Amino acid sequence: MRAIDEQVVGWTARSEEVPLRQLVAVPVDVGKSSAMVMACDFTGRTIMPAVEFPLTRSGSR
């Protein structure tokens with residue numbers, strides 16, 4: 001059994017030396033019928049405000 005997934009190790013190695021101000025986080029909150037997504041950097045600045053969308057095939061109402 002592997003303790004750490006090899007793909008995760010690869011992602012970590014690619015971002016290891018990058019300054020935090022150059023990294024972006026894209027959290028996704030998934031519910032039963034809709035989800036919300038936003039984008040922010042690691043200094044706390046919002047790059048894209050939260051957007052809600054339905055969990056349908058097209059992603060629109």
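Below or above, wherever it landed, is the structure these notes cover. (Residues numbered from 1 in each chain as written. Predicted model: local features only at pLDDT ≥ 70, side-chain atom pairs only at ≥ 80, totals over all residues. Heavy atoms only, no water.)

Before going further, it helps to spend a moment on the pattern of salt bridges. Tallied over the full model, the rule gives 1 salt bridge. Across the pair Asp 41 and Arg 45 runs a salt bridge whose closest N-O atoms are separated by 3.0 Å. (Salt bridge = Lys/Arg side-chain N within 4 Å of Asp/Glu carboxyl O.)

Bringing a nonpolar patch on the surface into the picture now. A cluster of nonpolar residues, Val 24, Val 26, Val 28, Val 30, Ile 47, Met 48, Val 51 and Leu 55, forms a patch on the protein surface that exposes about 660 Å² of accessible area. At the level of elements, strand 2 (28-30) and strand 4 (46-54) are the ones that each hand at least two residues to the nonpolar patch. If one sorts the elements of the nonpolar patch by residue count, strand 4 sits on top with 3 residues. Along the polypeptide, Val 24 turns up in strand 1 (residues 24-25). (Patch = residues over 30% accessible without salt bridge, like charges linked within 9 Å, V, L, I, M, F, W, Y side chains within 5 Å. Areas by Shrake-Rupley, 256 points an atom, 1.4 Å probe, with all protein chains shown as cover. Helix = DSSP H or I, 4+ residues; strand = E, 2+ residues; numbered from the N terminus.)

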